[in-house]
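Analysis of the macromolecular model
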Amino acid sequence: MSITNPKWRAALVPLFLAAQILVVRAAAGGEHPPPAPALARFPAAFGPWRLFGRDPIDAAVARELGADRLVSRIYVETPTGSVASLLVAWFQTQREGARQPHSPKVCLPGAGWTPRVVDEVTVDTRAGAIRVNRYVVDKGTQHAVVLYWYQTPRRVIAGEWAAKFWLAADALRDKRTDTALVRVTTWASGGDQAATAVATGFARDLYPALREYLPR
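Keep in mind that what you see is a predicted model, and the values were worked out from it rather than measured. Throughout, residues of each chain are indexed from 1 in the direction in which the sequence is written. Given that the model is predicted, a residue must reach a pLDDT of at least 70 before its local features are reported, and side-chain atom pairs must reach 80 or more before they are shown or counted; all residues, however, enter totals for whole chains, interfaces and linings. Side-chain metrics in this entry use all non-hydrogen atoms of the structure; hydrogen atoms and water are not considered.

A few words now on the pairing of strand β5 (residues 114-125). At least two bridges found by DSSP between two strands is the condition for calling them paired. Helix and strand assignments come from DSSP, with helices taken as H or I runs of at least 4 residues and strands as E runs of at least 2, each series counted from the N terminus. The sheet contact formed by β5 and strand β6 (residues 128-139) spans 11 bridges and is antiparallel. Following the sheet pairing, V123 is matched in β6 by I130. Turn length for the β5-β6 hairpin, with the two strands adjacent in sequence and antiparallel, is two residues.

Expected span of a helix, by definition, is 1.5 Å for each gap between consecutive residues, and there is one gap fewer than residues. An ideal rise of 1.5 Å per residue puts 32 Å on 22 residues; helix α5 (residues 192-213) measures up with 30 Å between its terminal C-alpha atoms. To get the bend at a residue, fit one axis to the 7 residues ending there and another to the 7 starting there, then take the angle between the axes. The largest bend along α5 measures about 35° and falls at L206, with the proline P208 one to four residues further on.

This brings us to the environment of Y207. The residue Y207 is located in helix α5 in this model. When a residue's accessible area, from a 1.4 Å probe over protein chains only, is under 20% of the maximum for its type it is buried; when over 50% it is exposed; and in between it is partly exposed. Residue class for Y207 comes out buried when judged on its relative accessible area of 8%. In sequence terms Y207 and V123 are 84 residues apart; their C-alpha atoms lie 9.5 Å from each other. In contact with Y207, other than residues within four places in its own chain, are T125, A127, G128, I130, Q151 and V156. In this analysis, two residues are considered to be in contact whenever any of their non-hydrogen atoms come within 4.5 Å of each other.

This part takes up the confidence of the model for the chain. pLDDT measures how confident the predictor is about each residue, on a scale from 0 to 100. Per-residue confidence for the chain gives a mean pLDDT of 86; residues scoring 70 or more make up 85%. Taken together, the stretch residues 8-13 has pLDDT below 50 and engages in seven contacts with residues farther than four places along the chain or on a different chain. Here residues 15-20 is modelled with pLDDT under 50, and outside its nearest four sequence neighbours on either side it reaches eight contacts, counting other chains as well.

We now examine the nonpolar core. In this text, buried Ala, Val, Leu, Ile, Met, Phe, Trp, Tyr and Cys residues form a nonpolar core when linked through side-chain atoms within 4.5 Å. In this structure, L86, F202 and L206 are the most contacted members of the largest nonpolar core, which totals 33 residues. For this core, the elements supplying multiple residues, two or more each, are β3 (69-77), β4 (83-91), β5, β6, β7 (142-151), β9 (179-187) and α5. Here this core takes nine residues from α5, the largest share from any one element. If sequence neighbours within four positions are ignored, L206 has contacts with F42, F46, L86, W149, V182 and V184. A144, Y148, A163 and L181 belong to the second-largest nonpolar core, a separate cluster that totals 11 residues.

Laid out in structure tokens, this is it:
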């Protein structure tokens, strides 16, 4: 039976998770978590984007996220007036027993958003191209485009399984497991294509700036 067969993949999942837990646990004893980043001082302006305002997160939601640093803001682009919402949840460690990022793949439907399109897009930035997730979601009469990715000191990761693999690999190599979940949301009142263009434009300008503020 081919390993690409869904039954084989399903059987390998618990084995992979067990191996990942063992690797991270083995590395945790010598882990050297970095100092927490000063995300509260993340720039109010970068590229053509300017801070429009904070987007407060409900205290119960913040506790559920369990991030060590949490930033939620709304930016506006000049001179177009395009708006983008930014959420960065940074975790100092992912060792056993610590909080880990909540995947928007679960959180968005849990908040009542129905995915209509699920894929990945490439964003070309001055710090290099990154591959990120794109969700086109609906909630009643609301329509939005959501980009999200996992950002570690070494790389940007789109997939949840890839994030688990690199967590184990980097725990062994670097003795650290810090990561950030980065989520960008734009509203698709002008259509999915226009909203995607705004979201990718924001991500293109955001990534190099954010990279300087997260531990390297």
